[in-house]
Amino acid sequence: GCQSGSGDSQTLTAGTAPGFPPFEMKQDGELVGFDVELLEAVIEATEYELGGWEELEFKSLIPALNNGNVDVVAAGMTINDDRKEAIDFSDPYYSSNQAVVVRENGSFSPSSLNDLSGATVGAQKGTTGESVITDQLIEAGTIEESQYNAYGNYVLAVEDLLNENVDVIIIDVPVANSFVADRSIESAFVHETGEQFGFGIQSGNDELTGALNSGLTTVEDDGTYRDLTEKWFGQ
Ligand code: GLN
């Protein structure tokens with residue numbers, strides 16, 4: 001056994017950003033979702049323990065890892081090079097693209113990013129949906145910066161879409177599917193980004209990264225991962 005106290009049986013604080021169904025959301029005041037149950041099962045398969053969850057805005061999750069307020073993030077967070085400069089990631093556990101979502105039976109039915117010319121566009125702050133808007137729509141001159149509405153969470157973005165305060169929102173496909181299921185909104189088209197979600201970890205914490213990766217393998221091999229996808233995505 002390890003005598004130094006730096007290894008075994010450490011208690012972890014996990015961070016997430018509710019309002020991203022079915023990955024993480026509040027149900028009767030309780031934090032639930034695919035990410036929540038997956039990370040809990042993964043940690044259960046390691047020598048670490050989960051002390052509890054911190055609920056933050058999505059854009060505050062990487063700073064929270066960096067300042068040590070949380071040890072691990074499970075928030076449908078896409079693994080990408082920009083973020084890898086600040087944090088480390090586990091192996092991928094879910095794939096996604098970006099959906100461009102409009103009001104159902106509305107007059108606006110874009111089928112490509114070019115069709116968004118002149119539209120007002122919403123996304124959650126700090127997300128890859130926001131990156132599509134800044135790096136492609138604004139950069140290409142398709143929309144003006146003032147036509148981008150940035151929201152603290154996607155629930156507010158969806159409300160503004162329904163209230164006709166914004167023409168489209170750009171959001172991860174599996175989350176769009178969840179919002180679309182019980183609201184009068186629909187996916188107009190999918191912008192293929194080929195994203196993969198990973199758990200976020202403090203940069204250089206290789207011990208935790210390794211433990212979470214073997215925990216992921218365990219829950220994939222023992223059927224837990226499949227059970228959770230059936231429960232939360234019905235597939
Ligand atoms: N997958 C997107 C990202 O990583 C959105 C995540 C989220 O809004 N929780 O930026």
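The coordinates are above.
In what follows, the accompanying structure is described.

Parameters and conventions
- Residues numbered from 1 in each chain as written.
- Predicted model: local features only at pLDDT ≥ 70, side-chain atom pairs only at ≥ 80, totals over all residues.
- Heavy atoms only, no water.
- Helix = DSSP H or I, 4+ residues; strand = E, 2+ residues; numbered from the N terminus.
- Rg over C-alpha atoms; globule rule 2.2 N^0.38 Å.
- Buried < 20%, exposed > 50% of the residue type's maximum accessible area, 1.4 Å probe, protein only.
- Contact = heavy atoms within 4.5 Å.
- Areas by Shrake-Rupley, 256 points an atom, 1.4 Å probe, with all protein chains shown as cover.
- Lys, Arg positive; Asp, Glu negative; His and termini not counted.
- Charge placed at Lys NZ, Arg CZ, Asp CG, Glu CD.
- Axes fitted to C-alpha atoms, helices over the stretch in contact; angles between N-to-C directions.
- Parallel < 35°, antiparallel > 145°, perpendicular 65-115°, else oblique.
- Core = buried A, V, L, I, M, F, W, Y, C linked by side-chain atoms within 4.5 Å.
- Domains from an automatic or database assignment.
- Arc of directions from axis to C-beta.

### Some details on the overall build of the protein
Counting its secondary structure elements, the protein contains 8 helices and 12 strands. Relative to the globule expectation of 18 Å for 235 residues, the C-alpha radius of gyration of the protein, 18 Å, shows essentially globular dimensions. In terms of its C-alpha atoms, the protein occupies a principal-axis envelope of roughly 65 × 35 × 30 Å. Within the protein, buried positions represent 49% of all 235 residues. A fraction of 75% describes how many contacts in the protein between residues 6 or more apart in sequence connect residues 24 or more apart. For the protein, the accessible area works out to roughly 10800 Å², and carbon and sulfur atoms hold 39% of it. If the 9 positive side-chain charges of the protein are averaged to one point and the 42 negative ones to another, these points end up 5 Å apart.

### Details of the packing of helix 1 (residues 34–44) against helix 7 (residues 206–221)
The geometry of helix 1 relative to helix 7 is characterised by a closest axis approach of 8 Å and an angle of 105° between their N-to-C directions. The pairing of helix 1 with helix 7 is recorded here as roughly perpendicular in orientation. For the pair formed by helix 1 and helix 7, the contact residues are Leu38, Leu39, Ala41, Val42 and Ile43 on the first element and Leu212, Gly215, Leu216 and Val219 on the second.

### Concerning helix 6 (residues 173–181)
All of the buried residues along helix 6 are Val173, Pro174, Val175, Ala176 and Phe179. The elements touched by buried residues of helix 6 are strand 7 (94–103), helix 5 (154–162), strand 10 (168–172), strand 11 (185–197) and helix 8 (224–233).

### Topic: the nonpolar core
Ranked by internal contacts, the top residues of the largest apolar core, which has 59 residues, are Phe34, Leu38, Tyr93 and Phe199. Per element, the largest residue contribution to this core is 6 residues, and it comes from helix 1. The two domains that each donate at least three residues to this core are domain 1 (11–93 + 198–233) and domain 2 (96–195). Those residues in contact with Phe34, other than ones at most four positions away along the chain, are Pro22, Phe23, Tyr93, Tyr94, Tyr225, Leu228, Thr229, Trp232 and Phe233.

### Let's talk about helix 8
Of all the residues in helix 8, the buried ones are Tyr225, Leu228, Thr229, Trp232 and Phe233. Buried residues of helix 8, viewed axially, fall in a sector of 100°; they line one side. What points out from helix 8, more than 90 degrees from its buried face, is the exposed set Arg226 and Lys231. Buried residues along helix 8 sit in contact with strand 2 (25–27), strand 3 (30–32), helix 1, strand 7, helix 6 and helix 7. Residue Gly234 follows helix 8 closely and has a positive phi angle near 60°.

Remember that the coordinates give geometry; whether it matters functionally is a separate question.
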